[in-house]
Each structure stands twice: as structure tokens, then as C-alpha cells.
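# Reading the structure
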Amino acid sequence: MTTPHPVSGDGRQGDHRRSRVGVVGGGLAGQAAALALADAGAHVVLLEARARLGGVAGSFRRGDLDVDTGQHVFLRCCTAYRRFLHRIGAEHLVTLQDRLDIAVRSPTRSARLRRSTLPAPLHLAGALLRYGHLSPRERLGLVRAALALGRVDRDDPAVDAVSFGAWLAAHGQGARAVDVLWDVVGIATLNARAQDASLALAATVFQLGLLDRADAGDIGWATAPLGALHDDAAHRALTAAGVEIRRSTKVAGLRRAGGAWLIETGAGEETAVDRVVVAVPPAAAVRILPAGTVQDDLGTTPIVNVHVVYDRRVLAEPFVAGVDSPVQWVFDRTAQSGAAAVFGPAAQYLAVSLSAANDLLPRTAQELREHFVPALAALLPAARDARVLESFVTREPHATFRGAPGQAARRSGPRTAHPGLYLAGAWTATGWPATMEGAVRSGAHAAEALLQTDRVDVEVPA
């Protein structure tokens with residue numbers, strides 16, 4: 001067992017005996033909290049159950065192929081996540097569109113959602129009015145609904161109790177408009193279809209990402225495996241900040257002993273700390289935290305990915321959205337995965353990302369391949385004559401918390417009823433859905449709450 005010990009001051013405002021802080025969980029939330037605390041002078045011990053950092057936004061090796069655990073993108077408005085990338089020295093491993101541009105394909109036609117250089121909200125008017133998957137009358141309805149959505153008070157608890165689908169129906173949006181426009185954006189960011197999603201969370205996505213600023217929705221993505229960012233680069237930054245990292249260390253529980261918190265690991269060991277930030281999914285938090293600390297009724301929603309490697313290029317863009325198809329989003333992961341070295345320079349590796357995948361989760365990998373490989377060929381004409389070199393399936397059964405109506409009141413804040421115990425994670429009360437941005441914000445909020453209690457100033461994302 002280790003014992004708490006003071007951390008020497010560094011002359012910052014509020015300087016006093018600094019805490020030894022344990023951070024449980026090495027995903028983005030835990031990393032953000034650990035860095036903020038270490039930067040403020042605390043001695044931080046980060047414990048992660050897996051052998052790698054990054055949580056659900058990481059990658060793993062499948063033979064000689066680098067496979068991301070999910071297809072994660074960010075927007076220009078994701079300011080906390082972008083600052084996090086800068087902090088860990090990984091800005092060079094991502095790219096960001098100059099202007100929002102999404103190809104939306106069906107088996108019979110193609111359209112684009114591309115913003116203009118006009119100021120918001122006019123920047124999307126042209127794209128919506130030209131959107132070929134809807135009739136001219138339906139397109140006019142899109143513009144009216146978008147303007148109305150921009151006026152929704154996303155902080156009103158009554159708004160969170162309403163489903164996004166019900167709100168869209170009340171504002172003249174039929175099933176067709178929901179299927180080929182609103183769910184194209186919403187299902188990927190909310191991990192829920194409109195009828196199952198909170199209006200408050202949907203309003204957050206559409207207001208901050210598309211309506212408030214013209215450039216807010218420009219899409220960014222990693223140009224390397226996510227592990228290069230959220231494991232390798234993050235590990236270097238954490239180590240340089242003085243964070244003690246313990247990977248492959250599963251926490252079994254926490255208990256208060258005198259003025260310290262004892263972190264019990266599966267190996268039967270205990271680490272004593274002055275403060276703890278628990279940055280794990282809600283089910284794991286319920287398991288290790290003192291009884292009653294958090295509610296465990298948020299539920300989860302899965303994401304399934306179908307990976308297909310072709311003998312030639314079949315998609316000329318970095319990603320495409322699908323409509324009138326079981327395919328939701330397709331990402332070209334050839335360069336990031338190292339597929340050329342494995343399958344040859346002509347090969348292309350595509351990942352089909354399927355959110356809100358409750359109905360797909362029980363299906364076998366073979367069933368999913370037999371369903372989605374033909375669907376890809378229907379969506380991408382060049383795939384019809386291409387040969388499939390390999391295909392496989394990855395699943396995240398508990399990828400995100402369930403962003404259903406009424407969940408905001410159940411999302412815990414960073415402070416708990418227990419002195420010195422704080423919470424982080426994309427499921428906590430960030431106001432954001434379960435995204436990388438929400439995760440980083442939650443870690444910053446937990447660190448801010450801890451440091452404010454200890455009267456130490458720290459700069460955190462707004």
C-alpha cells in the first residue's frame with residue numbers, strides 16, 4: 001500500500017499543500033483530467049484497466065493492420081477536443097475540412113451538403129434548397145425547421161423531456177425528411193434515431209455544429225490510427241507532465257479511510273490518494289463507487305462497424321453518408337490502417353459505421369457481411385466489380401450512454417456527495433452527447449471542480 005504524500009508547491013496563486021490525485025480510467029476524460037491536474041501541480045496517478053489508453057476512441061492491431069475501435073470524427077466547434085490535441089502534441093495527426101462538405105449517396109442518386117461562404121444561418125440555405133434526396137417542397141420545409149431548431153432553448157429541462165422526432169413532426173418534417181437528412185447527421189452524433197433522441201441533445205448538435213457559426217460544422221478526422229493520438233501521443237504528454245501511468249490495472253473499488261481514498265485494484269493492492277477522479281463508463285462507476293453515488297439507469301447504445309478491404313479503390317472521398325440503404329456512413333481507412341503494406345498498393349480499406357445498432361448487435365459476423373457487402377456495392381458503383389480481399393466486424397456493445405429524452409436530469413455532475421471524489425466521462429452532465437468533445441470537457445470540468453475546492457486556479461475549456 002502507498003500512503004498519501006504532499007506535492008511541493010510551485011509558487012502559483014493559491015499555493016498550498018498539493019494533493020496526490022488518483023484518476024481511474026485512461027480514456028479521453030481521464031486523460032484530460034489528469035493533464036489539467038498535473039499542470040496545476042498535483043501528483044497524479046492514472047489507472048487504466050486495458051493495456052492501452054484511449055478507451056472507446058482507440059485502436060488495436062489485427063495482424064499487421066491498425067484498426068480503430070470506432071469511426072470518430074470531430075467538428076471545428078469541438079474546441080475542447082482540439083485544445084486537447086494541441087496539449088498532447090497530436091495536431092499534426094488530424095486534418096480539418098476547409099468547408100463542410102458531405103457526400104450523401106443512395107443507390108440511385110448523389111447529393112452534397114456543402115456550406116457556402118455566407119454567414120450563418122444562410123451558409124446552409126443553398127445546400128438544403130438543392131438537396132436532391134427530397135422534393136422542392138420538402139426542401140423548403142427543411143429550411144423552416146432548421147431556423148426553428150436554432151431558436152430552441154437547449155438548457156430548458158422541459159426541452160430535454162421531448163423527443164427530437166416528435167419535435168420534427170410538429171415542425172412539418174415527414175418520415176422522408178427525417179430519414180435522408182436529420183438522421184444522417186443525428187444518428188452519427190447522438191447514436192440514436194430522431195424518435196429516440198432528446199431534443200436538447202439534438203439542439204446542441206445542430207445549433208453548435210451547424211447553425212450558430214458558418215464554419216462550426218467543418219469536419220475533422222485522424223490521419224493516423226486513433227491509438228497514435230489517444231495512446232501514443234497522450235502517453236508521452238502525460239508522462240512529460242509527471243503523471244504516473246498504470247496500465248492493465250483494473251480498479252475493483254474505492255473506500256474512504258481517514259482522510260484518504262483507497263483505490264483497490266483487482267490484484268488485491270491498494271493505492272492511497274487524497275482525491276479521486278473516476279472517469280469510467282456508468283456501469284463501471286456503479287461497480288466501484290460507494291453505493292448511491294451515481295444512478296445506473298442511463299442505459300447504453302451499441303455501435304457496430306463492418307470492415308471491408310477491396311482489391312481496388314471504390315471510394316474517391318474520405319467518407320460518404322448513405323441514405324435509402326442500410327449503410328449509414330462509410331470511411332476510407334486505407335492510409336490510417338497501413339492496408340497498402342498488407343494487401344498491396346491498389347487495395348482500399350473501408351469501414352462502415354453503424355450507430356444505434358441495437359438490432360445488429362445480435363447478428364453474426366457472417367450475417368452482417370452478407371448484408372452489408374452487397375449494400376456497399378449498391379451504394380458505390382465501383383465496388384460492384386471489385387473483389388473483397390477481407391472483411392470483418394467489430395462491435396462496441398456499450399459504446400455510448402443512451403441519449404433519450406429525460407436523461408439530462410440523471411447525468412451526474414463532476415462533484416459527488418463524498419469529499420474528494422469527482423466524476424468524469426462523456427456520460428456526465430456536460431450538455432453534450434457522448435462524443436470526444438464531451439469526454440474531454442467532462443475531464444476538464446472534474447479537474448476544475450477539484451482544483452476550485454482546493455483553491456488552485458487552472459485554465460479549463462469553456
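Note that this is a predicted model, so its numbers are computed, not measured.

Before going further, it helps to examine the domain arrangement of the protein chain. Along its sequence, the protein chain is organised into domain 1 (20-57 + 224-298 + 405-459), domain 2 (98-217) and domain 3 (300-401). Just the C-alpha atoms count here: the centres of domain 1 and domain 2 sit 33 Å apart. Buried area between domain 1 and domain 2, both sides added, is near 680 Å², and the carbon and sulfur share of it is 67%. Inspection of the domain 1/domain 2 interface yields zero salt bridges. Broken down by class, the residue content of the side of domain 1 that touches domain 2 amounts to five nonpolar, four polar and one charged.

An order of β10-β2-β1-β14-β20 is seen for the five strands of this open sheet, with the pairing classed as parallel. Two strands in the sheet have a free side with no partner beyond their single neighbour: β10 (244-246) and β20 (421-423). Averaged over all pairs of adjacent strands, the angle between strand axes in this sheet comes to 20°, irrespective of strand direction. Pairing of strand β1 (residues 20-24) with strand β2 (residues 43-47), which is carried by five bridges, proceeds in the parallel orientation. By the bridge assignment for β2, Arg20 is matched with His43. Packed on one face of the sheet, helix α14 (residues 436-453) meets β1, β14 (275-278) and β20 and runs near 155° to β20.

Considering all chains together, one arrives at 21 salt bridges under this definition. As a salt-bridge pair, Arg61 and Asp64 come within 3.9 Å of each other at their nearest N and O atoms. Taken as a pair, Arg61 and Asp64 share a single burial class, namely exposed. By sharing partners, the salt bridges in this structure join Arg76, Arg115, Arg213, Asp215 and Asp218 into a single network.

In this model helix α9 (residues 226-240) runs 20 Å from its N-terminal to its C-terminal C-alpha over 15 residues, within 8% of the 21 Å that 1.5 Å per residue would give. At Ala234, α9 shows its largest bend, some 35°. Immediately downstream of α9, the backbone of Gly242 shows phi near 95°, a positive value.

Before going further, it helps to spend a moment on unusual backbone geometry. Note that the residue after Ala120, namely Pro121, is joined by a cis bond; omega there is 0°. With respect to the element layout, Pro121 can be found in the loop between β8 (110-114) and α3 (125-129). The phi dihedral of Asn191 is positive, around 50°, even though this residue is not glycine. Within the secondary structure layout, Asn191 lies in the loop between α7 (175-190) and α8 (199-211). Even without glycine at this site, Ala356 takes up a positive phi of about 50°. With respect to the secondary-structure elements, Ala356 resides in the loop between β18 (348-354) and α13 (365-379).

Now for the UniProt feature "domain: Amine oxidase" (unreviewed entry) in the protein chain. Those places that UniProt annotates as "domain: Amine oxidase" (unreviewed entry) correspond, in this numbering, to residues 28-451. Secondary structure over residues 28-451 splits into 33% helix and 24% strand, and the C-alpha atoms at its two ends are 19 Å apart.

Scoring rules and cut-offs
Residues numbered from 1 in each chain as written. Predicted model: local features only at pLDDT ≥ 70, side-chain atom pairs only at ≥ 80, totals over all residues. Heavy atoms only, no water. Domains from an automatic or database assignment. Buried area = accessible area lost by both parts, 1.4 Å probe. Salt bridge = Lys/Arg side-chain N within 4 Å of Asp/Glu carboxyl O. Nonpolar A, V, L, I, M, F, W, Y, C, P; charged D, E, K, R; others polar. Pairing = 2+ DSSP bridges. Helix = DSSP H or I, 4+ residues; strand = E, 2+ residues; numbered from the N terminus. Axes fitted to C-alpha atoms, helices over the stretch in contact; angles between N-to-C directions. Contact = heavy atoms within 4.5 Å. Buried < 20%, exposed > 50% of the residue type's maximum accessible area, 1.4 Å probe, protein only. Expected span 1.5 Å × (residues − 1). Bend = angle between axes of the 7 residues up to and from the residue. UniProt positions renumbered as here; feature names shortened; annotations may be inferred.

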